[in-house]
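# Commentary on secondary and tertiary structure
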Amino acid sequence: MKILLVGSGGREHALGWKLKQNPETVLHSAPGSPALKRLGEIHPVGVDNLEGLRDLARTLDPDLVIIGPELPLVMGLADILREEKFNVFGPSRDAARLEGSKVFAKDFMVRHGLPTANYAVFYDESEAKSYLDKTSYPAVLKADGLAGGKGVIVCGGRAAAMNALDTLRATGAGKRIIVEEFLAGEEISFLAVTDGKTVLPLPSSQDHKTISDGDKGPNTGGMGAYSPAPLANDFLKNHVMETIMKPAIEGMAAEGNPFVGVLYAGLMVTLAGPRLLEFNARFGDPETQAILPLIESDLAETLLAAASKTLPDRELAISPKSCVCVVMSSEGYPGPHRLDDPITGLDAANALPDTVVFEAGVAERDGIPVTAGGRVLGVTATGATLKDAVDRAYEAAKLVDFKGAHYRRDIAAKAFKVNPLSG
Ligand code: AMP
Ligand code: GLY
């Protein structure tokens, strides 16, 4: 099967790695990365160059196109490729509004009775300010559009909320602002593959959004993930499928926007049950790095079946093991950070059993891997138990080094705490 994979990050390396486990896969990536070049051919076309990607698809004539990041989805890449009769794994522009517009997503949740925090939408800043004068705190402010993970601010009080309004305006994504009730609980990521009708859950996972241990410090794109999350026991998984994932996919179809791809529900598990924080319209990063090593079904076949709307109503085969991905980031990230530092130890780490280092921000200079992003690597290991996977991932992370390398030491630690929310 000839596959064109759009993207270049750690998530796309993980997708390429998994797809290549089928020896029949011929992999092309755009723009790709050095890691993806080792798995196939790469083409220097950016993810926002829709015409360039259409022309590339015309030249390659792939059996399947997989779109990794949100930007091309929200811009309508899937629509353009479907017009050309390609099998595309990824939602249309209208369906990707579940991620691209938080106002659309919240209104959709209410229309379809999906559990979520109470909220109010403001088009006008002075109205938002007078609401913030009288609302209760903590409150959560969200910009409507894509903001690269910078569009949500939890505010402890009125002064913080006023500052947050300014910050959100500066992202350029904040023409419309949502003020939302604060939900207490524990977050999980719940992803499902769908052809617009049939919905197949992927293993649950938990991201670690802040830069420092103990969930301290500023938010990042994600500093590590593990799968499955013990909090998502069979009861919760079933409940989420029946009350959130399936009704969401039915709702999109009923509104004339069938959703094909990965629907990612960011959930807060509260004492009153799971509540939707957000939808994403794609594979999570770094959740994907921790989920894919556990999938035993053929990924290429599954995604092609979803893209061609023939997904069999049969659960995916999932390994009973656990998987942990520890993200290594550049000094300074998520602020301005170091770049271009040589990376050592990748071969040694990759040689450990059940271990793979996914490359998120790596370039090659004179044949040597160097850092080329804020999030550089996702050191990933599987184990018979979560504890084994944690130990292996950290053993591997110790072998890898670059100047100013940072990683959290507590990825998956939450899973070992007694949790009042489970059961
Ligand atoms: P989102 O992009 O909507 O998932 O928000 C980013 C992060 O902000 C989430 O992962 C949560 O940690 C936090 N967050 C968002 N909405 C809420 C909420 N209503 N209550 C508490 N925390 C929230
Ligand atoms: N890990 C969070 C995201 O992919 O949006």
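In this text the structure is predicted, and so the values were computed from the model without any measurement.

### Let's talk about the site of ligand 2
Neighbouring ligand 2 are D207, G221, Y264, N280, R282, G284, D285, P286 and E287. Between ligand 2 and the protein, one listed contact pairs a nitrogen atom with a backbone N or O atom of D285 at 2.9 Å. When ligand 2 sits alone it has 200 Å² of accessible area, and the protein chains cover 87% of it. Residue classes in the shell around ligand 2 are distributed as two nonpolar, three polar and four charged.

### Remarks on the side chain of S319
Note on placement: S319 falls in the loop between α12 (299-307) and β18 (322-329). Judged by relative accessible area, S319 falls into the buried class, the value being 11%. Polar side-chain contacts of S319 include one of 2.9 Å to the backbone nitrogen of K321. Not counting the four nearest positions on each side in its chain, S319 is found in contact with L294 and E296.

### A closer look at the nonpolar core
Among the nonpolar cores identified, the biggest contains 75 residues, and M245, F279, V324 and L377 are the most heavily contacted of them. Apart from the residues lying within four places of it in its own chain, the contact partners of V324 are A225, Y226, V379, T380, A381, L386, A389, V390, A393, I411 and A412. Within the second largest apolar cluster, 31 residues are counted, among which are L191, L292, L303 and F358.

### Some thoughts on the site of ligand 1
Taken together, 13 residues are adjacent to ligand 1, and E180, E181, L183, E187 and E278 come closest. Between ligand 1 and the protein, one listed contact pairs an oxygen atom with a side-chain N or O atom of E187 at 2.4 Å. When ligand 1 is considered free in solution it has 470 Å² of accessible area, and contact with the protein chains removes 88% of it. Mapped by element, the contributors of at least two residues to the shell around ligand 1 are β7 (139-143), β9 (177-181) and β17 (273-280). When grouped by side-chain class, the residues that make up the shell around ligand 1 number six nonpolar, no polar and seven charged.

### Some remarks on the pattern of salt bridges
One pass over the full model with this rule turns up 28 salt bridges. R11 is paired through a salt bridge with E12; the nearest N and O atoms lie 2.9 Å apart. Relative accessible area serves as the criterion here: at 6%, R11 is assigned to the buried category. One salt bridge in this structure joins D341 and R338, with 2.8 Å as the shortest N-O distance. The buried category is assigned to D341, whose relative accessible area is 8%. Residues joined in a network through salt bridges with shared partners are R54, D55, R58 and E84.

### Some thoughts on the pairing of strand β2 (residues 26-31)
Across a regular strand the side chains alternate sides, sitting on one face of the sheet and then on the other. Alignment of strand β1 (residues 2-7) against β2, held across six bridges, turns out to be parallel. From the neighbouring strand, K2 faces β2, where its bridge partner is V26. One crossover worth recording links β1 to the parallel β2 by way of helix α1 (residues 10-19), and it is right-handed. As paired elements, β2 and strand β3 (residues 41-42) share two bridges and run parallel to each other. Across the sheet, residue S29 finds its bridge partner in β3, namely I42. In the classification by handedness, the crossover that spans β2, the intervening helix α2 (residues 34-39) and the parallel β3 is right-handed.

### A look at the layout of surface pockets
Volume-wise, the second largest pocket comes out at about 460 Å³. Taken together, 25 residues line the second largest pocket, and the ones lying closest to its centre are L200, P201, K237, M241 and E315. Of all elements in the fold, only β11 (199-201) and α10 (234-254) reach the threshold of two or more residues within the lining of the second largest pocket. In terms of residue count, the dominant contributor to the lining of the second largest pocket is α10 (eight residues). A breakdown of the residues in the lining of the second largest pocket according to their chemical character gives twelve nonpolar, four polar and nine charged.

### Some points on the pairing of strand β19 (residues 355-359)
For β19, a buried count of five out of five residues is recorded, marking the element as mostly surrounded by other parts of the structure. Both faces of β19 are covered, namely the face carrying T355, V357 and E359 and the face carrying V356 and F358. The sheet contact formed by β19 and strand β22 (residues 375-383) spans five bridges and is antiparallel. Bridging from a neighbouring strand, E359 pairs with L377 of β22.

Criteria and cut-off values
- Residues numbered from 1 in each chain as written.
- Chains lettered and ligands numbered in written order.
- Predicted model: local features only at pLDDT ≥ 70, side-chain atom pairs only at ≥ 80, totals over all residues.
- Heavy atoms only, no water.
- Near = heavy atom within 4 Å.
- Polar contact = N/O pair within 3.5 Å; in protein donor to acceptor, adjacent residues only side chain to side chain.
- Areas by Shrake-Rupley, 256 points an atom, 1.4 Å probe, with all protein chains shown as cover.
- Nonpolar A, V, L, I, M, F, W, Y, C, P; charged D, E, K, R; others polar.
- Helix = DSSP H or I, 4+ residues; strand = E, 2+ residues; numbered from the N terminus.
- Buried < 20%, exposed > 50% of the residue type's maximum accessible area, 1.4 Å probe, protein only.
- Contact = heavy atoms within 4.5 Å.
- Core = buried A, V, L, I, M, F, W, Y, C linked by side-chain atoms within 4.5 Å.
- Salt bridge = Lys/Arg side-chain N within 4 Å of Asp/Glu carboxyl O.
- Pairing = 2+ DSSP bridges.
- Right-handed = clockwise from strand over helix to strand, strands pointing away.
- 1 Å grid on protein atoms, 1.4 Å probe; cavity = no way out; pocket = protein on both sides within 12 Å on 5 of 7 lines; lining within 4 Å.
- Points joined across faces, edges and corners; volume = space filled by probe spheres on them.

Remember that the coordinates give geometry; whether it matters functionally is a separate question.
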